Amino acid sequence: MESDADGARPVGSPAAGVVHSLAERHETLATVESLTGGLLAASIVEIAGVSGIFRGGLVVYATELKSQLAGVPDDLLADRGPVDPDVAVALAEGGRRRCGADWGLATTGVAGPEPQDGKPVGLVYVAVAGPDGTDVRQFDLDGGRDHIRSAAVVEALRLLAERIHGAVDGGRADTAGAGRR
């Protein structure tokens, strides 16, 4: 099982918890991945019963595909590059919209082995877009490429679970940029 940003192994499957919560709510999910390259979608589709909630996903590794497929504004990519909190939010919103899902979940960052466009290895953003708005989190991860990618998956699923349960508990959703750490 993957570990989170702190190296801890979550109890149970983070993907299973999200899939079951969304199924209970009759809501759907789409993913948009850059740094995780399909690992997030793969962890979700491993769960039995996922076909009722998972609409699909986009792997937009190339920068121009973030715009062409996920709808990230060209000027945002030109100004800030692909590893940026607002790009993460745009990816989540674009996936939600393009796939016709209730929730969009996105990852972007630098897994290494080398820095990218002046951004350090281990800088990761995960974002969620849902019925009540968006949220994005920043992580500065240590470790090798595999750990960075798997921790990003765990943290993205954790963020989505928090947002789903916040919506269930009547909590007000954060707006883009809130929740950054």
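Residues numbered from 1 in each chain as written. Predicted model: local features only at pLDDT ≥ 70, side-chain atom pairs only at ≥ 80, totals over all residues. Heavy atoms only, no water.

A few words on the sheet that holds strand S1 (residues 29-33). Across the sheet, 5 strands lie side by side as S2-S1-S3-S4-S5; this open sheet has mixed pairing. Pairing within the sheet leaves two strands with one partner each, and these edge strands are strand S2 (54-59) and strand S5 (133-140). Between one strand and the next, the sheet's axes are offset by a mean angle of 10 degrees, whatever the strand orientation. As paired strands, S1 and strand S3 (residues 103-109) are joined by 5 bridges and run parallel to one another. For Thr31, the partnering residue across the bridge sits in S3 and is Leu105. (Pairing = 2+ DSSP bridges. Helix = DSSP H or I, 4+ residues; strand = E, 2+ residues; numbered from the N terminus. Axes fitted to C-alpha atoms, helices over the stretch in contact; angles between N-to-C directions.)

Attention now moves to unusual backbone geometry. For residues that are not glycine, phi is negative in most cases, and the peptide bond is trans in most cases. Omega for the bond connecting Gly112 with Pro113 falls within 30 degrees of zero, at 20 degrees, which places this linkage in the cis form. As for its position among the elements, Pro113 is in the loop between S3 and strand S4 (123-130). Unusually for a residue other than glycine, His26 sits at a positive phi of about 60 degrees. Its location among the elements puts His26 in the loop between helix H1 (14-25) and S1. Residues other than glycine seldom take positive phi values, yet Asp117 does so here, at roughly 50 degrees. Structurally, Asp117 is set in the loop between S3 and S4.

Here the focus is the nonpolar core. Counting residues in hydrophobic clusters, the biggest one holds 32 residues, and the most contacted among them are Val18, Leu29, Ile44, Leu105, Val124, Leu157 and Leu160. Sorting the residues of this core by element identifies H1, helix H2 (39-45), S3, S4 and helix H6 (145-168) as the ones contributing at least two each. Of all the elements, H6 adds the most residues to this core, at 10 residues. Filtering out sequence-adjacent residues up to four positions away, Leu29 remains in contact with Val18, Leu22, Ile44, Ile53, Phe54, Arg55, Gly56, Ala101, Trp103, Leu105 and Leu160. If you look at the next biggest cluster of nonpolar residues, it comprises 21 residues, including Leu76, Ala90, Val110 and Tyr125. (Core = buried A, V, L, I, M, F, W, Y, C linked by side-chain atoms within 4.5 Å. Buried < 20%, exposed > 50% of the residue type's maximum accessible area, 1.4 Å probe, protein only. Contact = heavy atoms within 4.5 Å.)

Read these as geometric descriptors, not functional statements.
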